[in-house]
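Here's the letter readout for the chains.
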Amino acid sequence: MPGADKETELSERIEAFLSELKRCGSGAGSLRGSAETARETTSLLRRITAQARWSNAGDLMEIIRKEGRRMTAGQPSETTVGNMVRRVLKIIREEYARSRGSTEEADQQESLHKLLTSGGSSEDNFRQHFTHLKANVIEAINELLTELEGTTDNISMQALEHIHSNEVIMTIGRSRTVEAFLKDAARKRKFHVIVAECAPFCQGHEMATSLSKEDIETTVIPDAAIFAVMSRVNKVIIGTQTVLANGGLRAVNGTHTLALAAKHHSTPLIVCAPMFKLSPQWDSALQELVLRSFCFLLPGEILSKVNAHCPVFDYVPPELITLFISNIGGNAPSYIYRLMSELYHPEDHEL
Amino acid sequence: MMLISAAMTLVVGHELQSAEPKEEKQRLRKEKKQHKKNKKDDRGPPEKEKEKEKASVPAPSKPATQSPAHKAAPVPVNASASESPVAAEKPAKSKAELRAERRARQDSERASKQGKKEGGQQSTSSKPKATPNELQPVVKRLPDHVQVDDPVALKKLAKKLERQQKSGQGCSLNITGVKVPLRSDYGYKVSLFSHLHQYSRKNPPTQQISIPVTVIHPSIVRLGLQYSQGIIAGSNARSVALLHAFKQVIQDYSTPPNEELSRDLVNKLSPYISFLSQCRPLSASMGNAIKYIKKEISNIPSQCKEEEAKRILQECIDSYINEKIILASEAISKYAIEKISDGDVILVYGCSSLVNHILCEAFEKQRKFRVIVVDSRPRLEGREALRRLVKKGIRCTYVLISALSYILPEVSKVFLGAHALLANGYVMSRVGTSQIALVAKAYNVPVLVCCETYKFCERVQTDSFVSNELDDPDDLIVTRNGKTHLENWQTVKSLGLLNLVYDVTPPDFVDLVITDLGMIPCTSVPVVLRVKNVDQ
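Bear in mind the structure is a predicted one, so any value in this text is a computation, not a measurement.

A. Structural view of the pattern of salt bridges. In the structure shown here, the tally under the stated rule is 37 salt bridges over all chains. Glutamate 179 of chain A is the salt-bridge partner of arginine 174 of chain A, the closest N and O atoms lying 3.3 Å from each other. We classify glutamate 179 of chain A as buried; its relative accessible area is 9%. With a closest N to O distance of 3.0 Å, arginine 201 of chain B and aspartate 471 of chain B form a salt bridge.

B. Quick peek at the packing of aromatic side chains. All names here are of chain B. Scanning the entire structure with this criterion turns up six aromatic pairs over all chains. Geometrically, the ring pair formed by phenylalanine 193 and phenylalanine 465 is stacked, given 5.2 Å between the ring centres and 20° between the ring planes. With a gap of 272 residues between them, phenylalanine 193 in the loop between helix H9 (151-169) and helix H10 (218-228) and phenylalanine 465 in the loop between strand S7 (447-450) and strand S8 (495-497) connect regions that are remote in the sequence. With respect to class, phenylalanine 193 is no different from phenylalanine 465; both count as buried. Site record: aromatic cluster; members linked through ring pairs are Tyr292, Tyr320 and Tyr454. Its end group placed over the ring of tyrosine 335, lysine 334 keeps NZ or CZ at 5.7 Å from the ring centre.

C. Geometry of the packing of helix H11 (residues 235-252) of chain B against helix H13 (residues 284-298) of chain B. All names here are of chain B. The interhelical angle for the contact between H11 and H13, taken along N-to-C directions, is 30°, at an axis separation of 9 Å. With respect to their mutual orientation, H11 and H13 come out roughly parallel. Judged by the sense of rotation from one axis to the other, the crossing of H11 with H13 is right-handed. Listed contacts from H13 to Ser235, Arg238, Ser239, Leu242, Leu243 and Phe246 of H11 are Ser285, Met286, Ala289, Ile290 and Ile293. Partitioning the contact of H11 with H13 into residue classes produces seven nonpolar, three polar and one charged.

D. Just the sheet that holds S7 of chain B, in detail. Ordered by their spatial adjacency, eight strands build an open sheet running S9(A)-S3(B)-S2(B)-S1(B)-S4(B)-S7(B)-S10(B)-S11(B), and the pairing between neighbours is mixed. Both edges of this open sheet fall to strand S9 (307-308) of chain A together with strand S11 (518-520) of chain B, since each of them pairs with a single strand only. For strand S10 (residues 512-515) of chain B and S11 of chain B, the ladder comprises three bridges, and the chain directions are antiparallel. In the sheet register, valine 513 of chain B faces S11 of chain B, and the bridge partner there is isoleucine 520 of chain B.

E. Local environment of the interface of chain A and chain B. Taken residue by residue, the interface counts 49 residues in chain A and 51 residues in chain B. Here chain A and chain B share an interface that buries about 4,400 Å² over both sides, 65% of which is from carbon and sulfur atoms. Inspection of the chain A/chain B interface yields two salt bridges. Arginine 377 of chain B is paired through a salt bridge with glutamate 197 of chain A; the nearest N and O atoms lie 2.6 Å apart. Put simply, chain A and chain B have 19 residue pairs in polar contact (both at pLDDT 80 or more) between them. For the side of chain A that touches chain B, the secondary structure elements donating two or more residues are helix H10 (203-213), strand S3 (217-221), helix H11 (226-230), helix H12 (255-264) and S9 of chain A.

F. Fine view of the environment of glycine 248 of chain A. Residue and element names in this part refer to chain A. Checked against the element boundaries, glycine 248 lands in the loop between strand S5 (242-244) and strand S6 (249-252). In this structure, the C-alpha to C-alpha distance between glycine 248 and isoleucine 321, residues 73 residues apart in sequence, is 7.8 Å. Residues in contact with glycine 248, not counting those within four places in the same chain, are Thr242, Val243, Tyr315, Val316, Pro317, Pro318 and Ile321.

Reading guide: rules and limits
- Sequence order as written defines residue numbering, which begins from 1 separately in each chain.
- Working convention: letters from A go to chains and numbers from 1 go to ligands, in the order in which they are written.
- Only residues with pLDDT of at least 70 are given local features in this predicted model, and only at 80 or more are side-chain atom pairs given and counted; all residues enter the totals for whole chains, interfaces and linings.
- Derived side-chain values reflect all non-hydrogen atoms in the structure, with water molecules and hydrogen atoms excluded from consideration.
- Any Lys or Arg side-chain nitrogen found within 4 Å of a carboxyl oxygen on Asp or Glu counts as a salt bridge.
- With a 1.4 Å probe rolled over the protein chains alone, any residue whose accessible area is under 20% of its type maximum counts as buried; one over 50% counts as exposed, and the rest are partly exposed.
- Here the aromatic set is Phe, Tyr and Trp, taking the six-membered ring for Trp, and pairing holds for ring centres within 6.5 Å; pairs whose planes are under 30 degrees apart are stacked, those over 60 apart are edge-to-face, and all others are tilted.
- Secondary structure counts use DSSP, requiring at least four H or I residues in a row for a helix and at least two E residues in a row for a strand, with both numbered from the N terminus.
- By definition here, charges over rings are those cases where NZ of Lys or CZ of Arg is within 6 Å of the ring centre and within 35 degrees of the ring normal.
- Lines fitted to the C-alpha atoms define the axes, with helices restricted to the stretch that makes contact. Angles between their N-to-C directions range from 0 to 180 degrees.
- Angles are sorted into four bins: roughly parallel if under 35 degrees, roughly antiparallel if over 145, roughly perpendicular if 65 to 115, and oblique for all others.
- Two helices crossing with the near one rotated counterclockwise from the far one by less than a right angle form a left-handed crossing, whereas a clockwise rotation gives a right-handed crossing.
- We call two residues contacting when some pair of their heavy atoms lies within 4.5 Å.
- Basically, the charged four are Asp, Glu, Lys and Arg, the nonpolar ten are Ala, Val, Leu, Ile, Met, Phe, Trp, Tyr, Cys and Pro, and anything else, Gly included, counts as polar.
- Here, strands pair whenever DSSP counts at least two bridges between them.
- Using a 1.4 Å probe, buried area is obtained as the accessible area two parts lose upon being combined, added over both of them.
- Polar contact is defined as a pair of N or O atoms within 3.5 Å, subject to the rule that within protein one atom must be able to donate a hydrogen and the other to accept it, and that residues adjacent in sequence are counted only when both atoms are side-chain atoms.

Have a look at this one:
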């Protein structure tokens with residue numbers, strides 16, 4: 001039966017995606033960037049919408065939530081998966097509301113007045129059936145995909161507004177967004193980049209070679225020298241793994257030290273992060289990488305008597321950040337909570 | 001202007017001792033002139049001020065142009081003023097120095113005759129007699145290793161190294177073309193650091209020396225190699241190795257026939273020191289040790305026999321090592337152990353012999369604590385510290401410096417070692433120390449620096465750029481996941497690798513400095529230096 005074939009094909013794809021996520025997570029460093037993960041998640045969700053069996057919006061949301069929970073459980077540190085699921089859920093809600101004819105804003109805002117007058121949630125409203133809902137949702141997801149494809153370009157287009165000539169810019173580790181940002185600025189301006197190598201995996205080396213190929217003056221420094229050279233740095237531009245709801249960051253190991261050093265020298269800290277990295281959840285249980293990353297540093301008989309720690313991420317509080325540059329423009333960290341409320345529905349924060 | 005008049009009085013004082021009856025007549029003549037001058041003074045004091053200033057301006061401009069002080073230094077009055085009190089301390093002077101002094105005296109006589117016409121200054125000259133002793137030349141000569149971008153300075157260094165070859169020829173076999181080698185820089189230097197040297201470990205300085213080497217003592221050659229290859233590293237280790245090598249040199253030294261031990265041995269040591277600084281720039285502790293040795297050598301009385309002198313010097317060196325390094329570390333451990341309480345979690349960075357010693361002592365005294373060792377690329381010295389502590393049985397944790405924010409909430413104290421303490425309170429130490437102090441401050445964890453007093457240094461510095469050491473940039477290259485990204489960094493024009501060795505920590509990050517003289521705040525370093533100078 002065609003329906004059953006489609007379903008098995010669908011579940012196969014989901015399984016493949018899950019195993020891909022798990023494999024990426026347990027390897028050393030990410031084998032693919034978050035943008036790719038976001039795109040793949042979204043296209044998988046589109047496929048689910050197209051091929052799964054559902055009759056009304058509530059069913060669809062249930063299905064997507066279920067799959068979303070499985071996917072995030074597969075790789076908890078990859079928050080873009082959860083973010084995309086929440087975006088799609090919000091799209092479904094919006095399309096449903098539009099089909100019903102009511103305005104979106106009235107439904108979205110949780111004002112005190114609404115809480116007092118309306119009372120219960122509008123859960124049962126999602127049971128109505130609309131014929132064009134599927135098409136609308138798929139179209140909206142397509143728009144989301146286009147948006148995702150253009151994020152890096154949107155961010156790089158803003159580069160010239162923020163980098164002047166003869167600047168010294170510091171960055172840490174490897175971020176594809178920052179790389180594109182700097183390369184775009186280098187087409188018109190001359191500046192100097194200092195890359196902190198970010199031990200133990202030294203992703204900074206790759207970033208430095210890639211930047212120097214575009215004729216950008218690059219210098220690689222070890223992590224220990226961050227504070228020593230910070231006094232000559234004009235700006236710090238970094239990427240991040242996740243942007244948190246309070247405007248803080250979960251970024252690669254060593255970023256907190258970098259942020260503190262920048263604060264001490266009053267150097268602006270600019271974070272280039274596309275909107276799909278904004279995440280309402282904070283999961284503190286996912287810090288460490290396996291000890292085998294240290295076996296190339298310490299001899300065996302000492303390693304057995306010693307505790308070694310190798311955290312993957314750092315939390316950077318919002319007070320240390322000056323500016324967020326995202327595909328929708330520049331924002332202060334204090335505005336992030338507002339952007340969050342526009343992207344996700346509060347009921348979707350918990351999948 | 002005060003200096004000139006002070007010089008005049010000093011110089012005039014010399015002359016008073018040498019030729020008294022003449023001076024009587026001169027004095028009478030001066031008094032007559034003064035009388036006349038006092039009348040003129042009422043008329044035109046401002047004109048005289050201008051004249052005096054013109055006379056004083058050419059004098060100080062002379063020292064400015066000739067200050068890289070060669071021994072046969074020509075004549076600026078200020079230089080002679082500062083040189084003469086210093087000269088009084090040294091026992092004997094070479095002919096060239098005596099000639100220079102005579103010339104100085106003659107010129108200052110001329111200047112003083114000019115100055116006497118101005119009158120009134122004689123009364124104020126009595127007070128400034130004391131000042132030339134305290135007003136030492138403020139700008140000391142800039143060290144060579146921070147003038148790499150100046151071609152004039154480089155040429156002077158090359159000439160100096162050649163001269164030192166010639167000075168060694170007197171007592172050795174006929175060797176031609178052997179000289180202290182001038183090491184060449186390696187690789188692309190980051191523009192901010194073009195004033196510093198950057199050497200490669202693969203080109204040791206001994207490649208340019210032929211064997212046998214007679215200008216440079218073999219133990220010094222070995223020491224230089226050990227420094228340049230990083231076999232001996234760490235401030236205390238380098239100083240102790242240096243002093244032991246000098247002991248060997250003194251043992252093997254024999255005074256040539258017409259020379260005095262006190263002067264000749266100092267001259268012998270100069271090419272060795274140049275060679276060592278070519279291998280690796282001298283540390284502050286090494287600099288202080290060398291100053292001490294040179295002073296001890298020049299204080300040897302001239303009638304002392306050679307064997308006796310050698311014995312005295314060996315004893316001096318032994319007592320220096322014992323007092324300043326070994327006993328000092330005992331004293332520091334005693335103070336530091338008071339600061340370690342049971343249940344502490346102590347963070348240390350890299351491998352400081354002093355801090356390791358403190359922790360081992362504290363462990364022996366049955367204090368219950370655990371240690372977190374923070375390490376950084378590319379040197380990874382923390383592994384050595386880890387090895388020593390684990391051998392002792394202390395519970396340790398190991399992290400890299402990027403994990404600092406992760407591990408600091410657990411830490412109760414931070415113990416840091418220092419390479420040198422500068423006179424403005426800044427702590428010069430291994431690169432990364434300032435970062436640790438910064439983050440510890442952000443988390444409100446006390447930072448204690450342990451440093452012996454012989455590492456205190458009169459230099460001042462506010463950032464890590466003006467004076468630092470650049471290590472071999474190839475050390476940063478690493479292979480991860482089978483790929484070496486920076487393998488051919490030399491071929492890429494716009495790529496540079498920066499391997500700094502030291503950085504300076506501002507005093508507001510440091511809570512306490514533990515020295516053998518006690519526990520002092522960072523800002524009391526110049527007090528200790530002053531006390532030490534008075535003692536000496």
